[in-house]
Amino acid sequence: MKVMVTGGSGFIGSAVCRHLLLDLGLDVVNIDKLTYAATEGATAMLERHPGYSFHKLDIRERGAIQRVMEKEGVDAIMHLAAESHVDRSIDGPGAFIETNILGTYALLQAARSYLDGLPEERRLLFRFHHVSTDEVFGELPLSGGLFTEATPYAPSSPYSASKASSDHLVMAWHHTFGLPVVLSNCSNNYGPFQFPEKLIPLMILNGLEGKPLPVYGTGENVRDWLHVEDHARALALVLTRGRTGQSYNIGGRNERSNLAVVQTIADLLDEARPLPSASRRELITFVGDRPGHDLRYAIDARKAEAELGWKAHYGFDTGLRKTISWYLDNEAWWRPLREARYAGQRLGANG
Ligand code: NAD
C-alpha cells in the first residue's frame, strides 16, 4: 500500500510518515510545501528508505498534485497539510483560508480526477483521510461534558473555522461525489519535533533557559493532551479500518489546565536540570488572554476505541517526561529554529 501524506514534514505528519514506513512497512509519498513549520530533521531518518519519496509542492497546485498521484500510483491520501497555529491565525488569517480551505478543495478535486482513472478494484479500496482537530467543536464548560462525533460544529478562531470548513468540504465530497473519505478530529498533541512556538516545547525551552513561562489569562483553560505517536497509530487505524463517510474523535483522556501543564514542566525540569537557587514555578507569569480563547476541550474517544481497537499508550506524565528528555537531547534540532525563526514574541498556547 502506498500512502500520500500531505504535510508530512510537519510535527504530526512526520510522526505519521515514520509510523507508516518504519512500523507498518507501507510506502509513503510526502507532499509538503515546507513552510516555516516544516523541519528536515523530522524526516531525515526516512530519506534513504526505498519506500519513501518527497515532493515539494503546495497542495493548492491541483494539477501537479494529481500528476504525483498518477506517477506514484497512490492507494490512499492522508491529508495533514495545514496552517496550524491559532495565534498566527489571529495575526494573519489569510494563509489559513488559502491552505486549509482552498488547499483542501484542490486536493479533493485532484483525488476525484485521479480516482476516475483507476480500475474499479483499486477505486473501491482507495481512501481520502482528512485529519482535523477537536477545535471545530468550539468550547466546553469547565464543569463537564465531552466532544462526541455528534457534537455540532461551533469554531471560535480563524484556525478552527478554516478547519471546520475543510471538514464540511470533505464530507460534502463524500455525499455528493461518492469520494471514499474518513475524517478524524483529535485533541492537542505533544511530543518530539513540535515547533518551538507551541505551548509544551515553548515552556520546556524557556524553562531550560531560565526565561519567563507566560500563561494566558489565569491558566484555567483545559486541553486534552495526546502524545503524537498515539495519534499517528490512531490515524493509521482510521485509514485502514475506518468506515467511509464516518468521523472518529481521538483523544487521550488527559485533561489538564494550561497552568497545571506549565507547573508540571517546571517541576520535571527542576528534577532534570536544577537551577542554582530558584524553582522554575517562580518563572510563571500571567499575561493578557488570547481573544476568543476556548475554555475547555475534551474528547470522547469511545467510538475510535470500540471500532478501531485503538487506545492511547501514553499517560500524560510518562509522555511529558519522554518529551522533555527528547528536547534536552535534541538541542541541535530546536536551537536554530528558536533563534532564527522564533523571536520570542509568541506565547504558544496552541489549541
Ligand atoms: P504543523 O504546522 O507542524 O505542520 C503542517 C505541515 O503542513 C508543515 O510541514 C507545512 O510545511 C505543511 N504545509 C502547510 N501549508 C501547506 C501547503 N499549502 N501545501 C503543502 N504543505 C503545506 O502542523 P501539525 O501540528 O503537524 O498538524 C497537522 C495536522 O493535524 C493539521 O491539519 C492540524 O489541523 C491537525 N491537528 C493538529 C493538532 C495539534 O495539536 N498540533 C491536533 C489535532 C489536529
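See above for the structure.
Residues numbered from 1 in each chain as written. Predicted model: local features only at pLDDT ≥ 70, side-chain atom pairs only at ≥ 80, totals over all residues. Heavy atoms only, no water.

Draft legend 1. Molecular detail of the side chain of Thr 43. Structurally, Thr 43 is set in the loop between strand E2 (27-32) and strand E3 (52-56). Residue classification places Thr 43 among the buried positions, given a relative accessible area of 3%. Beyond its immediate stretch of four places on either side in the chain, Thr 43 contacts Gly 8, Ser 9, Ser 14, Asn 30 and Tyr 52. (Helix = DSSP H or I, 4+ residues; strand = E, 2+ residues; numbered from the N terminus. Buried < 20%, exposed > 50% of the residue type's maximum accessible area, 1.4 Å probe, protein only. Contact = heavy atoms within 4.5 Å.)

Draft legend 2. Representation of the packing of helix H7 (residues 199-208) against helix H11 (residues 316-329). The contact between H7 and H11 brings their axes to 11 Å, and the two run at 55 degrees. Between H7 and H11, the angle falls in the class oblique. Handedness of the H7/H11 crossing: right-handed. Listed contacts from H11 to Ile 200, Pro 201, Ile 204, Leu 205 and Leu 208 of H7 are Phe 316, Leu 320, Thr 323, Ile 324, Tyr 327 and Leu 328. Looking at side-chain class alone, the contact of H7 with H11 contains 10 nonpolar, one polar and no charged residues. (Axes fitted to C-alpha atoms, helices over the stretch in contact; angles between N-to-C directions. Parallel < 35°, antiparallel > 145°, perpendicular 65-115°, else oblique. Left-handed = near helix turned anticlockwise from the far one by under 90°. Nonpolar A, V, L, I, M, F, W, Y, C, P; charged D, E, K, R; others polar.)

Draft legend 3. Spotlight on the site of the ligand. Near the ligand there are 28 residues, and of these Ile 12, Asp 32, Ser 84, Tyr 159 and Lys 163 occur at the shortest range. In this structure, a nitrogen atom belonging to the ligand sits 3.0 Å away from a side-chain N or O atom of Thr 99. Contacts to the ligand include Tyr 159, whose side-chain N or O atom sits 2.7 Å from an oxygen atom. When the free accessible area of the ligand is taken as 840 Å², the share hidden by the protein chains comes to 97%. A molecule is said to occupy a pocket when more than half its atoms come within 2 Å of that pocket's grid points, and by this definition the ligand occupies the largest cavity. The set of elements that each furnish at least two residues to the shell around the ligand consists of helix H1 (11-23), strand E5 (127-133) and helix H6 (158-177). With three residues, the single largest contributor to the shell around the ligand is E5. For the shell around the ligand, a count of residues per class yields 13 nonpolar, 11 polar and four charged. (Near = heavy atom within 4 Å. Polar contact = N/O pair within 3.5 Å; in protein donor to acceptor, adjacent residues only side chain to side chain. Areas by Shrake-Rupley, 256 points an atom, 1.4 Å probe, with all protein chains shown as cover. 1 Å grid on protein atoms, 1.4 Å probe; cavity = no way out; pocket = protein on both sides within 12 Å on 5 of 7 lines; lining within 4 Å. Sits in = over half its atoms within 2 Å of the grid points.)

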